[in-house]
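Descriptive structure summary
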Amino acid sequence: MAQTAHTEVPAHGAAHKAGFPPFESTYFPSQLLWLALTFGFLWWMMAKVIVPRLTDIIETRRDRISKDLGEAQRLKDETEAAIKGYDKALADARAKAQAIANETRAALNAEVEAKRHAAEAGLNEKLAAAEARIGEIKAQALGEVGGIATDTATALVNHLLGGTAGQDEISAAVAAAMQK
Amino acid sequence: MANDPIHQFQLSTIVPIDVGGLNFSFTNSSLFMVATTVVATGFLAAATSGRGLVPGRMQMVAEQAYEFVAGTLRSAAGTEGMRFFPMVFSLFMFVLVANLIGMVPYFFTITSHIIVTFALAMLVIGTVVGYGFYKHGLHFLGLFVPHGVPTLLVPLVTAIEVISFLSRPISLSVRLFANMMAGHTALKVFAGFIVSMSAAGAVGVAGSVLPLLMTVALTGLEFLVAFLQAYVFTVLTCMYLNDALHPGH
């Protein structure tokens with residue numbers, strides 16, 4: 001069949017011997033027809049089946065990976081938030097405990113102070129009362145001393161001098177003596 | 001098989017079909033086009049059927065092919081370029097699988113025929129021109145008039161741009177076709193040396209180790225070329241599509 005086909009060898013095929021199979025133009029229609037049919041079918045299959053399927057596979061994987069990464073990031077953020085919350089709660093509790101301790105300490109101090117003040121005030125009052133009483137007793141005693149001195153002086157005057165001395169004179173003399 | 005390095009590119013009719021004097025026969029090339037399509041779609045469909053969140057080995061390969069082409073397209077033509085992704089991915093898979101199937105001994109390499117690679121290149125350029133005019137109207141022609149060129153030089157530069165644009169489908173198709181054809185021819189030539197030297201007695205058998213080593217090395221190289229040419233075809237496709245999307249340079 002090749003012998004029938006070395007009529008139309010193109011110019012650039014002249015270096016080869018006549019009837020070089022790739023340049024047999026009688027077969028060109030057959031080659032083109034079957035190429036169109038087979039390549040057309042291949043193209044159709046690629047466009048309709050293979051390429052959408054591969055795109056789907058690769059995109060599904062990409063989506064899945066980015067979704068998983070997003071989920072991991074979300075969980076990480078959540079963990080960090082939880083840790084932050086825990087730290088905050090811990091700090092709050094610590095501050096609260098400190099505040100309660102301070103408050104209690106202040107309250108107790110105030111109470112003790114008040115009691116001390118009250119006790120001191122009571123004592124001062126009693127002291128003042130006692131002092132007043134002492135002064136009173138002292139004054140009373142001194143007053144009685146005057147009376148005793150007058151009585152004693154009257155008795156002495158009566159005994160030594162006989163007669164009677166005026167009561168008033170004696171009192172005035174005693175008072176004058178006591179003034180010294 | 002005959003010891004003729006060109007024989008492997010021979011087309012042979014399996015089911016003769018003739019419509020209006022044109023030969024639409026189902027040939028060995030057609031058979032391998034069908035095989036390429038079946039292998040490419042079958043592999044990708046099987047690999048992605050599990051839709052695993054954690055990919056298995058096959059799914060990993062499919063996903064890597066996807067990411068590879070998507071990355072190339074996105075870096076060359078931007079995010080808007082992704083509208084062409086099915087076409088670019090189909091081209092990459094078709095060329096890659098066709099090249100790799102061609103590496104199996106006795107198998108036909110469909111990309112070693114210029115008409116096949118030219119048709120694929122014209123599909124790319126047709127898309128570029130069609131989409132360029134559809135999207136930008138006559139502004140698409142701005143592609144041929146670069147900015148910042150002195151007025152005196154504009155006609156010259158525009159002529160060069162037009163010529164370079166017109167040569168794109170040719171360079172795109174010839175690069176793939178010539179690489180596959182030349183590589184397979186070289187492989188066949190060196191493999192043929194082993195046979196013909198071995199027929200020349202004890203010295204020949206000893207000497208045939210050299211072309212054997214060469215054949216082994218070339219086979220490795222050809223696997224590299226099979227992948228590399230699919231890659232280059234894809235990268236250039238992406239760059240041309242970028243012109244359709246952003247013709248203003």
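See the structure shown above.
All values reported here derive from a predicted model rather than from experimental measurement.

Grouped together as the largest cluster of nonpolar side chains are 65 residues, with contacts concentrated most on Phe85 and Phe89 of chain B. Going through the elements one at a time, helix H1 (28–161) of chain A together with helix H1 (28–48), helix H2 (57–77), helix H3 (85–102), helix H4 (114–136), helix H5 (154–198) and helix H7 (209–245) of chain B are the ones with two or more residues in this core. By residue number, the principal contributor to this core is H3 of chain B, which donates 13 residues. Setting aside residues up to four positions removed in sequence, phenylalanine 85 of chain B forms contacts with Val51 of chain A together with Tyr66, Val69, Ala70 and Leu73 of chain B. Of all hydrophobic cores here, the second largest spans seven residues; its members include Phe20 and Phe23 of chain A together with Ile114 and Met181 of chain B.

This paragraph deals with the interface of chain B and chain A. Contacts between chain B and chain A engage 52 residues on the former and 38 residues on the latter. Where chain B abuts chain A, roughly 4200 Å² becomes buried across the two surfaces, and 75% of that area is made up of carbon and sulfur atoms. Two residues, arginine 51 of chain B and aspartate 56 of chain A, come together in a salt bridge whose shortest N-O distance is 2.9 Å. Inspection of the chain B/chain A interface yields 15 residue pairs in polar contact (both at pLDDT 80 or more). Put simply, the parts of the chain that give the side of chain B that touches chain A at least two residues each are strand E3 (22–23), strand E4 (26–27), H1, H2, H3, H4 and H5 of chain B. With ten residues, the single largest contributor to the side of chain B that touches chain A is H1 of chain B. Taken together, the residues of the side of chain B that touches chain A break down into 31 nonpolar, 17 polar and four charged.

On to the pattern of salt bridges. The final tally for this structure, using the stated rule, is eleven salt bridges over all chains. Here lysine 115 of chain A ties to glutamate 111 of chain A by a salt bridge, and the two come within 3.7 Å at their closest N and O atoms. One end of the pair is lysine 115 of chain A and the other is glutamate 111 of chain A, both in helix H1 and four residues apart, which spans about a single turn. Using a relative accessible area of 44% as the deciding quantity, one classes glutamate 111 of chain A as partly exposed. Residue arginine 168 of chain B pairs with aspartate 243 of chain B through a salt bridge whose shortest N-O separation is 2.8 Å. Of the two residues, arginine 168 of chain B is situated in helix H5 and aspartate 243 of chain B in helix H7; the sequence distance between them amounts to 75 residues. The same class applies to arginine 168 of chain B and to aspartate 243 of chain B, which are both buried. Taken together, the shared-partner salt bridges in this structure form one network comprising Glu71, Arg74 and Glu78 of chain A.

Definitions and limits used
- Residues numbered from 1 in each chain as written.
- Chains lettered and ligands numbered in written order.
- Predicted model: local features only at pLDDT ≥ 70, side-chain atom pairs only at ≥ 80, totals over all residues.
- Heavy atoms only, no water.
- Core = buried A, V, L, I, M, F, W, Y, C linked by side-chain atoms within 4.5 Å.
- Buried < 20%, exposed > 50% of the residue type's maximum accessible area, 1.4 Å probe, protein only.
- Helix = DSSP H or I, 4+ residues; strand = E, 2+ residues; numbered from the N terminus.
- Contact = heavy atoms within 4.5 Å.
- Buried area = accessible area lost by both parts, 1.4 Å probe.
- Salt bridge = Lys/Arg side-chain N within 4 Å of Asp/Glu carboxyl O.
- Polar contact = N/O pair within 3.5 Å; in protein donor to acceptor, adjacent residues only side chain to side chain.
- Nonpolar A, V, L, I, M, F, W, Y, C, P; charged D, E, K, R; others polar.

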